[in-house]
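# Coordinate analysis (summary)
Spelled out, the chains give:
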Amino acid sequence: MRFSKIISASALALGLATTAQAQDANKLVTILTAPEPQTQLMAMVLTMNAMAAGAEAEVLLCGPAGDLALQDAPESATAGQPPRDASPQGLMQMMMANQGLKVQVCAIYLPGRGEDASVLVDGVTAAAPDAMGAAIVAPGTTVMSF
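Quick caveat, the model's predicted, so the values are computed rather than measured. (Residues numbered from 1 in each chain as written. Predicted model: local features only at pLDDT ≥ 70, side-chain atom pairs only at ≥ 80, totals over all residues. Heavy atoms only, no water.)

## Points about the confidence of the model for the protein
What counts here: The pLDDT value tells you how sure the predictor is about a given residue, anywhere from 0 up to 100. Contacts are assigned to residue pairs that have any heavy atoms within 4.5 Å of one another.
Here the protein averages 88 in pLDDT, while 84% of its residues score no lower than 70. Confidence drops under pLDDT 50 across residues 1-22; counting only partners more than four residues distant or on other chains, this segment forms 0 contacts.

Written as structure tokens, this is what we have:
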């Protein structure tokens, strides 16, 4: 009888731990480096849909994809793509404004351009490598890379 109480208590503890873990939000880190506008837009679309499904998301833009964060972004970042005429930068900014999406550029992006954060759209910051590294390996985090 005593053994069954131990088993019951263990099962209850395991159930409570699983319930607590299930209540934590899923986390998503989208790392985008691709230069192609369709790939950039699809990364934003998938991030948006993950957020709609309950994920807490953040985006890291590196290399050519960092240009999405520029106030004076290239046409490839701002031109509408089929089928809904959305642009990668436009969808990114919409998610930032409406869903609280955190967007950062790689720590070496701005120094590589010889510029500072004043060239970035409002709300975009430079990533701290230690914080981004921790976010990538945090429990319950999914990383999408494009």
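## Some words on the pattern of salt bridges
Threshold: Whenever Lys or Arg places a side-chain nitrogen within 4 Å of a carboxyl oxygen from Asp or Glu, that contact is recorded as a salt bridge. Strands are runs of DSSP state E lasting at least two residues, helices are runs of H or I lasting at least four, and both sets are numbered from the N terminus onward. Note on classification: 1.4 Å probe, protein chains only; a residue is buried when its accessible area is under 20% of the maximum for its type, exposed when over 50%, partly exposed between these limits.
In this structure the tally under the stated criterion is 2 salt bridges. Note that Arg 113 and Asp 67 form a salt bridge whose closest N and O atoms lie 3.6 Å from each other. Of this pair, Arg 113 sits in helix H5 (residues 109-113) while Asp 67 sits in the loop between strand S2 (56-61) and helix H3 (75-78); the two residues are 46 residues apart in sequence, bridging distant segments of the chain. The partly exposed category is assigned to Arg 113, whose relative accessible area is 39%. One salt bridge connects Arg 113 with Glu 115, and the closest N-O pair in it is separated by 2.7 Å.

## Here we look at helix H4 (residues 88-99)
Convention followed: By this rule, a helix spans an expected 1.5 Å times one less than how many residues it contains.
A rise of 1.5 Å per residue sets the reference length of H4, with its 12 residues, at 16 Å; its end C-alpha atoms lie 16 Å apart and thus fit the reference within 8%. Pro 88, Gln 89, Leu 91, Met 92, Met 95 and Met 96 are the residues of H4 that are buried. Two residues or fewer past H4, Gly 100 is found with a positive phi of approximately 70 degrees.

## Considering helix H2 (residues 37-52)
Quick note on the threshold: Read the arc as the range of directions from the helix axis to the C-beta atoms.
End to end, H2 covers 22 Å across 16 residues, agreeing with the expected 22 Å (1.5 Å per residue, within 8%). Along H2, the residues classified as buried are Gln 40, Leu 41, Ala 43, Met 44, Thr 47 and Met 51. For H2, the angular spread of buried residues about the axis comes to 155 degrees, placing them on one side. Residues of H2 that are exposed and angled more than 90 degrees away from the buried face: Gln 38 and Ala 52. Turning to H2, the residues buried within the fold contact strand S1 (27-32), S2, H4 and strand S5 (141-145). Note on H2: the residue one or two positions beyond its end, Gly 54, has a positive phi of about 110 degrees.

## With respect to the state of the cysteines
Where we set the bar: Cysteine sulfur atoms are paired as a disulfide whenever they come within 2.5 Å of each other.
Summed over the entire model, instances satisfying the criterion amount to 1 disulfide. One disulfide in the model links Cys 62 with Cys 106; its S-S distance is 1.4 Å. Judged by the torsion about the S-S bond (40 degrees), the Cys 62/Cys 106 disulfide is right-handed. Within this pair, whereas Cys 62 is found in the loop between S2 and H3, its partner Cys 106 is found in the loop between strand S3 (102-105) and H5, the two being separated by 44 residues in sequence.

## Section: the nonpolar core
Worth spelling out the cut-off: To define a nonpolar core, start from buried Ala, Val, Leu, Ile, Met, Phe, Trp, Tyr and Cys residues and group those joined through side-chain atoms within 4.5 Å.
Among the nonpolar cores identified, the biggest contains 39 residues, and Met 44, Leu 61, Met 92 and Val 124 are the most heavily contacted of them. Of all the secondary structure elements, the ones that give two or more residues to this core are S1, H2, S2, H4, S3, H5 and helix H6 (129-137).

## Looking at the packing of H2 against H4
Rules: A fitted line through C-alpha atoms represents every axis, and for helices the fit uses only the stretch in contact; the resulting angles, taken between N-to-C directions, go from 0 to 180 degrees. Here is the rule for angles: anything less than 35 degrees is roughly parallel, anything more than 145 is roughly antiparallel, 65 through 115 is roughly perpendicular, and the remaining ranges are oblique. Here is the rule for handedness: rotate from the far helix to the near one, and if that takes an anticlockwise turn smaller than a right angle the crossing is left-handed, while a clockwise turn gives right-handed.
With their axes 8 Å apart at the nearest point, H2 and H4 run at an angle of 20 degrees to one another. As judged from the angle between their axes, H2 and H4 are roughly parallel. Of the two elements, H2 crosses H4, and the hand of that crossing is left-handed. Of the residues in H4, those in contact with Pro 37, Gln 40, Leu 41, Met 44, Val 45, Thr 47, Met 48 and Met 51 of H2 are Pro 88, Leu 91, Met 92, Met 94, Met 95 and Gln 99.

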